[in-house]
Amino acid sequence: MSFINSLYPTIPDAQALVQGNESYPDLGGIVLFCQMPYGVFINAQFHGLPPIYTANANRFMGFHIHENGDCSLDPNREFAFTGNHYNPDNALHPNHRGDLPPVINCNGYGWQSFLTDAFRVEEIIGLSVVLHAMPDDFMTQPSGNSGAKIGCGIIRVYN
């Protein structure tokens, strides 16, 4: 329990306030980044995720750090200006430093916490987090075939 207890009192080093595109105007969330001695602790919360209408619908949604911190909408009303996954080592997918665990859509809400040693917080300041409409297949190059970019937030120093 000492490991878990060491995570929660920490003030975040960075955050991304996530907003949905025009197709998902109610989508929102916050992603917090805490630099720890052993990695980066990430806590992500989302609301207004797309409804799931069938019992067998896929509840997994791709979640990545992208190389550009530009969440403006392109002519197709997507967040195309975020660029590709954060991948300074030119690794194959799913070994990009920006590849994160998928978000599970639970009746329009999602929450997850995890630890990664793929980057340090100072490396990702000014980049973006992107939530995709589809699950990441962890195989297709270069981005896992995770569909439309429906949510975006710029990673900024926490104030």
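Just so it is clear, the structure is predicted and the values come from calculations on it, not from any experiment. (Residues numbered from 1 in each chain as written. Predicted model: local features only at pLDDT ≥ 70, side-chain atom pairs only at ≥ 80, totals over all residues. Heavy atoms only, no water.)

Q: What am I meant to see in the state of the cysteines here?
A: Throughout this description, disulfide means a covalent bond between two cysteine sulfur atoms. Enumeration over the complete set of coordinates arrives at 1 disulfide. Bridging Cys71 to Cys152, the disulfide has an S-S length of 1.9 Å. Judged by the sign of its S-S torsion, about -65°, the bond between Cys71 and Cys152 is left-handed. Here Cys152 lies in strand 9 (residues 149-157) and Cys71 lies in the loop between strand 5 (63-66) and strand 6 (103-104), a separation of 81 residues in the sequence. (Disulfide = S-S within 2.5 Å. Helix = DSSP H or I, 4+ residues; strand = E, 2+ residues; numbered from the N terminus.)

Q: How should I be thinking about the side chain of Gln35 in this particular structure?
A: With respect to the helices and strands, the residue Gln35 is situated in strand 2 (residues 28-36). Of note is the side chain of Gln35, whose polar atom sits 3.4 Å from the backbone oxygen of Gly39. In terms of polar contacts, Gln35 uses its side chain to reach the backbone amide nitrogen of Val121, at 2.9 Å. Excluding anything up to four places from it in sequence, Gln35 contacts Asp13, Val40, Arg120, Val121 and Glu122. (Polar contact = N/O pair within 3.5 Å; in protein donor to acceptor, adjacent residues only side chain to side chain. Contact = heavy atoms within 4.5 Å.)

Q: In this structure, what is going on with the nonpolar core? I would like to understand it.
A: The tendency in soluble globular proteins is for nonpolar side chains to be buried as a group. The biggest cluster of nonpolar side chains holds 26 residues, and the ones touching the most others in it are Val31, Phe33, Phe46, Phe63, Ile65, Val129 and Ile155. Counting only elements with at least two residues in this core, the list comes to strand 1 (14-20), strand 2, strand 3 (39-47), strand 5, helix 2 (121-124), strand 8 (128-132) and strand 9. Of all the elements, strand 3 adds the most residues to this core, at 4 residues. The contacts of Val31, once residues within four sequence positions are left out, are Ala14, Gln15, Ala16, Val18, Ile42, Asn43, Ala44, Phe46, Phe63 and Val129. (Core = buried A, V, L, I, M, F, W, Y, C linked by side-chain atoms within 4.5 Å. Buried < 20%, exposed > 50% of the residue type's maximum accessible area, 1.4 Å probe, protein only.)

Q: What is the right way to read unusual backbone geometry from this model?
A: Negative phi characterises most residues that are not glycine, and trans characterises most peptide bonds. With an omega of 15°, the peptide bond running from His93 to Pro94 counts as cis. Looking at the secondary structure, you find Pro94 in the loop between strand 5 and strand 6. For the bond from Gln141 to Pro142, the omega torsion is 0°, close enough to zero to count as cis. By the secondary structure assignment, Pro142 is in the loop between strand 8 and strand 9. Positioned with a positive phi, Asn107 is a non-glycine residue whose angle comes to about 55°. Positive phi is not limited to glycine here, since Asn145 has a value of about 55°. Here Asn145 is to be found in the loop between strand 8 and strand 9.

Q: I tried to follow the pattern of salt bridges on my own but got confused; where do I start?
A: A side chain with one charge can pair with a side chain of the opposite charge if their charged atoms come near. Taken as a whole, this structure holds 3 salt bridges when the rule is applied. Between Arg97 and Asp89 there is a salt bridge whose closest N-O contact spans 2.8 Å. For Glu123, the salt bridge identified is with Arg97, shortest N-O distance 2.8 Å. Of this pair, Glu123 sits in helix 2 while Arg97 is found in the loop between strand 5 and strand 6, placing the two residues 26 residues apart along the sequence. (Salt bridge = Lys/Arg side-chain N within 4 Å of Asp/Glu carboxyl O.)

Q: What's the story with the packing of aromatic side chains in this structure? I'm lost.
A: Centre distance and the angle of the planes are the two values used to describe a pair of aromatic rings. If you walk through the whole model with that rule in mind, you get 1 aromatic pair. Aromatic side chains Phe46 and Phe63 sit 5.6 Å apart centroid to centroid with 85° between the ring planes, which places their arrangement in the edge-to-face category. Placement of Phe46 in strand 3 and of Phe63 in strand 5 is noted, with a sequence separation of 17 residues between them. For the residue pair Phe46 and Phe63, the accessibility class agrees, reading buried in each case. (Phe/Tyr/Trp six-rings, centres within 6.5 Å; stacked < 30°, edge-to-face > 60°.)

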